[in-house]
Amino acid sequence: MIVHYHLRAGGVRKVIELAAPHIVSRLGCTSVVLLTGEAPDTAWRRQFQETIAPVPVQLVTEPAVCYLSEVTSNGLIPGVIRRVVCKGCIVWAHNLALGRNILLARELGRVCGEGGIQLIAHHHDWWCNNRWKRWPELRRHGFGTLRAVAKALLPDAPTIHHVGINRADARILRRHFPGRAHWLPDPCLPPMKSRSEISEPVWLMPCRQLRRKNVAEALLLTRWLRPEARLVVTGRVSSPDEEPYAQALGAAARQHRWPLVLGTRGKPPVAEFLAACEAVLLTSIQEGFGLPAVEAAAADRPLIARRLPDVAPDLAAFGFRFPQTYDELRIDPSLFDWRAEERRQAEGFRRWLRRLPRACRRWAGVPTLLACEGPQPVSFSRLTLTAQLEVLCKPVADSWRLCAPLNTFLISWKKRASSGSLQVAPWPRAASKWLGGPAFAERFLAIARAAPRHKTGGDASFAAQEEFIRAGLDSAHSFPLLW
C-alpha cells in the first residue's frame, strides 16, 4: 500500500513511479493499493498500472488524506485507514513528517503500531525545517505541544521504520531509532539517449514553483551567463502557501519582460525539455535529495547548481562530479536598498520568531544580513524576494559589472555558455548500484524483511524531532524567502 497526500507531478510521485514496479516484482506482491487525497491524471494512472501489470492497482481517493489546509472534513481518516490497511500488507507512506496532514500520520502510526503492520515512513522533508507556518495549523488540530507532534509524525513501534533520503537525515534518525532507521536515496532513470529540438535556447528548472527553489537566482544567472536564453520552470504552484511568491515573481517578469516561463502544463513533457535544453539549473536553498542534478547527468545536459550541504556529499558518494557548482552568489549592496532590506528582514525575523514555539526561539540563529555591520556584499539567497527583484530590475550589464568580481567563477562559465561549451557531468558507473530501480527495491526489501524491534524506550520521537529543529534553526539555514 502506497500512501501520499496527492499524486501531483513532482519529486515524490517520481520516486513512486520509478521504484514501485521494482518493489512489487521483488516482493512478489499480489496487489497494490494507492491511497491518496486526490485522483491523479488519467494518463499517469494508466501508465502506472501498465508498469505494475499484471499485478492489479486499486486507487483509493479520499479527500481527507490531502493537505489539512485543503480539507473540509477530516473525520473520515480513521475509517479510511481501518478499511484499507490490513494484516500482511506493507505500508509505504511518504512525507508524514512534513506535517501537512498530522491526523493521517497519527492514524497510520496507531493502526500499524497496534496491529503489528509494517509501516515504512519515507521522509522527504520535515515540518520543522523552515516550515513554521505548520505550527499554528498543528495546534488547531489538537497537537498543542512539540511532544504531541513528534509522537504523531515520528511514531515509535516495533514494526515502524523511518527512512531518510540523505545521509544527514538518516544519521539523526539512526541515533534515535537504532535498527529501524535507514538511508534510501531516491531512484533515477539511467541516461537518456534521445535528443529533442527546441526552437530557442532554453535553460531549465525541472521543478515546481516553490520559494525554496529560489527561482529568482536562476533567472539572474540566466540573464548574466546566457542573455539569449529563456528560463523555463516546468512545474506549477503546488499549494496556496506558495501562490504569493509565484504571483509576485510572475508579475515582475511580465512587467519587465524578463525571459521567464513559469509552468509548462506538461507540454512538452519534462523528459523532452531535459533532452533539448542547453542547461539545467538547481538554485534551491533547501533540498532533500536534489533530483534535478541527477536528471541533468542522465540527460547528458550541463548543470549549474548551488552546493547544498545535505545533498552534495551524497551526490559525490554516488560518483557524480559536477563542474559548475557554487556555494553562494555574492551581490554588491549598491544593487538594492540596503537600509530598506535591513528593516524588512528585521521585522520579518521578529514575526517569524513569534511564530516559533517558545521552547525553540532560543535556538534561532541571526540571519546573515542582520549580522552585518553596514552594507557589504551579501548572498542573493539571503535576500527577501523584494530585494531580489530590485537586483533583477537593474540593467544586466551593471549588475554583472559589479558582481562578476565577487563571483570570479562566473567569468569562465559565461565564456563557456556563450560558446556552447558548458561542461557535462558524465553518468558514473557506480550510480546504478545506488540509484537504479532494482537497487532501490533491494534496499527496500531489506527494510521490509527486517525483524520487528522493541520500542526504543524513552522519548525517541521527541528527541529526534528536537535534533531536526535545532539543525534547521541554525543561521546557515535562515533564509528570508522561507519565513
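Only a predicted model underlies this, so the values are computations on that prediction, with no experimental measurement involved.

Undergrad: So what exactly am I meant to see when it comes to the overall build of the protein chain here?
TA: Counting its secondary structure elements, the protein chain contains 19 helices and 15 strands. Expected size for 483 residues packed as a compact globule is a radius of gyration near 23 Å; at 22 Å, the protein chain falls within 12% of this value. Principal-axis analysis of the C-alpha atoms places the extent of the protein chain at approximately 65 × 55 × 40 Å. Relative to its 483 residues, the protein chain shows a buried fraction of 58%. A sequence separation of at least 24 residues applies to 79% of the contacts in the protein chain between residues at least 6 apart. About 20000 Å² of surface is accessible on the protein chain, with carbon and sulfur atoms providing 52% of the total. Each charge class in the protein chain was averaged separately, 66 positive and 42 negative side chains, and the resulting centres sit 3 Å apart.

Undergrad: Where do I start with helix α19 (residues 460–472) in this structure?
TA: One turn of the α-helix equals 3.6 residues, which is why residues spaced by three or four share an orientation. Taking 1.5 Å of rise per residue, the 13 residues of α19 would be expected to cover 18 Å, and the 18 Å separating its terminal C-alpha atoms lies within 8% of that figure. Residues of α19 that are buried include every one of Ala460, Ser461, Phe462, Ala464, Gln465, Phe468, Ile469 and Gly472, and no others. Of the surrounding secondary structure, the elements contacted by the buried residues of α19 are α6 (146–153) and α7 (167–176).

Undergrad: Honestly, the environment of Phe177 in this entry has me stumped. Any pointers?
TA: Following the sequence through the fold, Phe177 ends up in the loop between α7 and β7 (181–183). With relative accessibility at 0%, the residue Phe177 sits in the buried group. Expressed as a C-alpha distance, the spacing of Phe177 and His162, which sit 15 residues apart in the sequence, is 7.8 Å.

Each value, and the rule that gives it
- Residues numbered from 1 in each chain as written.
- Predicted model: local features only at pLDDT ≥ 70, side-chain atom pairs only at ≥ 80, totals over all residues.
- Heavy atoms only, no water.
- Helix = DSSP H or I, 4+ residues; strand = E, 2+ residues; numbered from the N terminus.
- Rg over C-alpha atoms; globule rule 2.2 N^0.38 Å.
- Buried < 20%, exposed > 50% of the residue type's maximum accessible area, 1.4 Å probe, protein only.
- Contact = heavy atoms within 4.5 Å.
- Areas by Shrake-Rupley, 256 points an atom, 1.4 Å probe, with all protein chains shown as cover.
- Lys, Arg positive; Asp, Glu negative; His and termini not counted.
- Charge placed at Lys NZ, Arg CZ, Asp CG, Glu CD.
- Expected span 1.5 Å × (residues − 1).

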